[in-house]
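Inside the fold
Take a look at the letters that make up each chain.
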Amino acid sequence: MPELPAVSRRLLLGGALAAGAAAAGAGAAHAAPESAATGVDTPLPAPTPPRRRGQHSMIDVPFDVHETVRVGMVGLGNRGSGMAEGWAAVPGCRVTAVCDIRADRATSVADRLAALGKPRPAEYGGSADAYARMLRRDDIDLVYIATPWEFHHRQGRAALEAGKHALVELPVATELGELWDLVDTSERTRRHLMLSENCSYGRNELAMLKMAHDGLFGDVTNGHGGYLHDLRELLFSDTYYTDSWRRLWHTRSTASFYPMHGLAPIAAAMDINRGDRMTALRATATEPKGLADYRERFIDRSHPSWKETYINGDLVTCLIDTAQGRVIRAEHDVSSPRPYSRINSLAGSRGIFEDYAGTSATGGRIYVEPDHSGHTWRDFDSYRKEFDHWLWKTIGDENNGGHGGMDYVLQWRTVQLMRAGLVPDIDVYDSAAWCAPVPLSVKSLATGGRPVAYPDFTRGSWVNLRMGLDSRESAMPPVA
């Protein structure tokens, strides 16, 4: 493999990418979208609401130093309860309170943590406003929210208003107005709100990011990411998704409900909000066939789902243009029979990486010049070893955790950032931008797939190259 520079071009915080971004971004907050892949039907610019008096950017704002990070958990279904032990295992982290509208879930999680020898958290539950009572506590620094999607904006905003930082499961909100509200509330309260995007901490995703920032793919031109996960059995389960909340979303709207797992790693590798930005989105959707077909074959006629009509397309695809002339394809499909994939594909002038496609243990395959020739894919193994992110080298194998270990990497890193007083890897602007395809796809699909303008949640600051998920290696502060 060719010798690489000692310092990546990403860490130089300058060079051609920054210069090009600055040139492209003059007056970007109020200009028409800077580029479009087709040059057809360029949408009108998305309005950028002005900051109110006393409201300031949260870009590059570090956390205050916390000797111990005290976590309050809201939502203890499958996802929330599964994360409890991970939080309790991180050095210098303590779960001080747990909350679910079903009080027995709070008791169950508290019992599990106590059985592990951890301090028993306070329990809240039994009503829809139980989380608000929990937020009045003065021993919570970070609120982790894992409730159904429709509650994320309200609860995330309430956490910020209560003076807490918030880590919110996907998506942080489902409406553009709600996304802007979270940005503004974070800026006003001076508290961070972060998307709990665990896939951004995946081992392959972080290695792909490092390769992109070190120039291995040349000039990056396009990327594909997806959430292709056959959830049909779980969607029709009477116990997995409480009150069938996730299936019911397929009766309410035609949208890309959950593109973040695929979009976020590609956006990070392209320096979105850090030298580039997404400018326009166009969406397509197939007919809604999968859920109705599954119900016809496997669900008894007495089941309440037979009163439902599914309107969301099985495969919803978003094509996203960027200011630097790149194109991102983000896909969502949870209704079709298929093996799991997040796609994770990144390509440029000197090569390409594709995940979920190789035969090696990593699941990836690669082709980059001048290393390779002959139009033949190569295994990703040696490249992942060379470009393995420091987080995985440091703690990736010490606690496997959920989803192959990336859940724990996310939790460990969040606590480390707060204990060391560092700037978050994923900020409120990333969180809003990565979740914006949910409402933007609704708008595009409603007009037959015409492009819609992408808001600039940074209000023009996207032109500045800065650190993100690449991050410099740092230690977890010792526990007293």
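Attention in this report is confined to the structure presented alongside it.

1. A closer look at empty space enclosed by the protein
- Under the criterion given, the structure shown has five cavities of 30 Å³ or more.
- Approximately 90 Å³ is the volume attributed to the largest cavity.
- Taken together, 14 residues form the lining of the largest cavity, with Ala268, Ile272, Arg274, Gly468 and Leu469 sitting closest to its centre.
- Counting only elements with at least two residues in the lining of the largest cavity, the list comes to helix H7 (203-213), helix H10 (260-269) and helix H15 (428-435).

2. Remarks on the environment of Asn464
- Within the secondary structure layout, Asn464 lies in the segment after strand S15 (452-453).
- With relative accessibility at 44%, the residue Asn464 sits in the partly exposed group.
- As for Asn464 and Asp276, which are separated by 188 residues in sequence, their C-alpha atoms are 8.6 Å apart.
- Setting aside its immediate chain neighbours within four residues, Asn464 contacts Asn273, Arg274 and Gly275.

3. Overview of the nonpolar core
- Counting residues in each nonpolar core, the largest one holds 127 residues, and the members touching the most others are Trp87, Trp434 and Phe457.
- Considering every element that reaches this core, the biggest residue donor is helix H14 (residues 406-420), with eight residues.
- For Phe457, the residues in contact, after removing those within four places along its chain, are Leu176, Leu179, Trp180, Val183, Tyr429, Ala432, Ala433 and Ala436.

4. A look at the layout of surface pockets
- Approximately 1,000 Å³ is the volume attributed to the largest pocket.
- Forming the boundary of the largest pocket are 45 residues, of which Arg79, Ala146, Thr147, Pro148 and Trp245 lie nearest the centre.
- When residues of the lining of the largest pocket are traced back to their parent elements, those giving at least two are helix H2 (78-89), strand S2 (93-100), helix H4 (130-134), helix H5 (152-161) and helix H9 (245-249).

5. Looking at the sheet that holds strand S3 (residues 122-125)
- On the basis of which strands lie adjacent, the open sheet formed by six strands has the order S3-S2-S1-S4-S5-S6 and parallel pairing. The open sheet has two edge strands with one neighbour each: S3 and strand S6 (193-195). Put simply, the sheet's adjacent strands are angled 20° from each other on average, direction ignored.
- Pairing of strand S1 (residues 69-74) with S2 involves six bridges; the strand directions are parallel. Within the sheet, the bridge partner assigned to Arg70 lies in S2 and is Arg94.

6. As for helix H6 (residues 176-189)
- Between its first and last C-alpha, H6 extends 20 Å over 14 residues, near the 20 Å set by a 1.5 Å rise per residue.
- In terms of burial, H6 is a largely internal element, ten of the 14 residues being buried.
- Those residues of H6 lying buried are Leu176, Leu179, Trp180, Leu182, Val183, Asp184, Thr185, Ser186, Glu187 and Thr189.
- At its buried positions, H6 is contacted by H5, S6, H15 and helix H16 (437-446).

Parameters at a glance
Residues numbered from 1 in each chain as written. Predicted model: local features only at pLDDT ≥ 70, side-chain atom pairs only at ≥ 80, totals over all residues. Heavy atoms only, no water. 1 Å grid on protein atoms, 1.4 Å probe; cavity = no way out; pocket = protein on both sides within 12 Å on 5 of 7 lines; lining within 4 Å. Points joined across faces, edges and corners; volume = space filled by probe spheres on them. Helix = DSSP H or I, 4+ residues; strand = E, 2+ residues; numbered from the N terminus. Buried < 20%, exposed > 50% of the residue type's maximum accessible area, 1.4 Å probe, protein only. Contact = heavy atoms within 4.5 Å. Core = buried A, V, L, I, M, F, W, Y, C linked by side-chain atoms within 4.5 Å. Pairing = 2+ DSSP bridges. Axes fitted to C-alpha atoms, helices over the stretch in contact; angles between N-to-C directions. Expected span 1.5 Å × (residues − 1).

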